[in-house]
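Residue-level structural notes
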Amino acid sequence: MLYTIIKALHIVFMVSYFAGIFYLVRIFVYYKDTDAFQDEKKKILREQYAFMARRLWNIITVPAGIIMTVCGLTMIFLNFGLMKMPWFHLKLTFLIGLAIYHYWCWKKVKQIVALNGNTLQTPNLKLRQANEVATFILFLVVFTVILKSQVIEYWWQLITGFFVLVFLIMMTVKLVNKGKNKN
């Protein structure tokens, strides 16, 4: 029963964490979108976006990430047999990728706050593409956890499907961004 409760909490806080990460990077995009605005509007919006990014990071994303991690580690402690499963090693590998993305987001939050309303040098398209990284990691982790040993058995089909998904999403981002530049 305890394991199931911890697992439920892990899922709830995983959802909260990803909601924070998804919206956080969207705020980076919105901040960058202000480049074309007049100075007064740009200043007001950039201050607001920097405030929102800092608050979202400190109040939702990081606390949810900590609780998600503690619950995940507790589940490993309660069921150490997970560490013998190849699919679980794959999940942990994807979580290392998530940790790297988390670090990138943290650095970007600090950068936006330190800019004091100045221009973010990261290109808009790169921010829009970076906005999809969490989605890719989420796909990888969820499919690995749900399919478990089948991930190992059908690895090449899953990898092919994943790369098709990545390609389609990235092309959609480019297409949408290209359309916005024409307006």
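Structural notes, computed from the coordinates. (Residues numbered from 1 in each chain as written. Predicted model: local features only at pLDDT ≥ 70, side-chain atom pairs only at ≥ 80, totals over all residues. Heavy atoms only, no water.)

1. Re the packing of aromatic side chains
Overall, the coordinates contain 10 aromatic pairs when judged by the stated rule. Ring centres 5.6 Å apart and planes at 85° place the aromatic pair Y17 and F18 in the edge-to-face group. On the accessibility criterion, Y17 (2% relative accessible area) is buried. The exposure class of F18 is buried, given its relative accessible area of 5%. Their ring planes at 85° and their centres at 6.1 Å tell us that F136 and F162 sit as a pair that is edge-to-face. Here F162 lies in helix α7 (residues 155-182) and F136 lies in helix α5 (residues 133-147), a separation of 26 residues in the sequence. (Phe/Tyr/Trp six-rings, centres within 6.5 Å; stacked < 30°, edge-to-face > 60°. Buried < 20%, exposed > 50% of the residue type's maximum accessible area, 1.4 Å probe, protein only. Helix = DSSP H or I, 4+ residues; strand = E, 2+ residues; numbered from the N terminus.)

2. Things to note about unusual backbone geometry
With a phi angle near 50°, N116 is a residue other than glycine that sits in the positive phi range. With respect to the helices, strands and loops of the structure, N116 is situated in the loop between α3 (86-114) and α4 (124-130). Given a relative accessible area of 68%, N116 falls into the exposed group. A positive phi is found at K148, a non-glycine position, where the angle reads about 45°. Positionally, K148 belongs in the loop between α5 and α6 (149-153).

3. Quick notes on the layout of surface pockets
Considered as a void within the structure, the largest pocket measures approximately 730 Å³ in volume. Along the wall of the largest pocket there are 31 residues; nearest its centre are H10, G72, K91, L95 and V141. For the lining of the largest pocket, the elements supplying multiple residues, two or more each, are α1 (2-33), α2 (39-78), α3 and α5. A total of eight residues in the lining of the largest pocket trace back to one element, the largest contributor, which is α3. Residues that form the lining of the largest pocket fall into these classes: 22 nonpolar, six polar and three charged. (1 Å grid on protein atoms, 1.4 Å probe; cavity = no way out; pocket = protein on both sides within 12 Å on 5 of 7 lines; lining within 4 Å. Points joined across faces, edges and corners; volume = space filled by probe spheres on them. Nonpolar A, V, L, I, M, F, W, Y, C, P; charged D, E, K, R; others polar.)

4. Observations regarding the pattern of salt bridges
Summed over the entire model, instances satisfying the criterion amount to four salt bridges. One salt bridge in this structure joins D33 and R128, with 3.2 Å as the shortest N-O distance. Of this pair, D33 sits in helix α1 while R128 is found in helix α4, placing the two residues 95 residues apart along the sequence. Across the salt bridge formed by K43 and E47, the nearest N and O atoms sit 2.7 Å from each other. Within this pair, K43 and its partner E47 are both found in helix α2, separated by four residues, close to a single helical turn. Under the relative-accessibility criterion, K43 is labelled partly exposed at 46%. (Salt bridge = Lys/Arg side-chain N within 4 Å of Asp/Glu carboxyl O.)

5. As for the environment of C105
Turning to its location among the elements, C105 is positioned in helix α3. Judged by relative accessible area, C105 falls into the buried class, the value being 0%. Dropping the residues within four chain positions of it, C105 is found in contact with I21, L24, V25, F28 and W57. (Contact = heavy atoms within 4.5 Å.)

6. Some points on the side chain of K91
Among the structural elements, K91 can be located in helix α3. Although buried, K91 forms no salt bridge, and the nearest oppositely charged side chain, E153, lies 20 Å from it. The residues touching K91, leaving out its near neighbours within four places in the chain, are H10, V141, T144 and V145. (Lys, Arg positive; Asp, Glu negative; His and termini not counted.)

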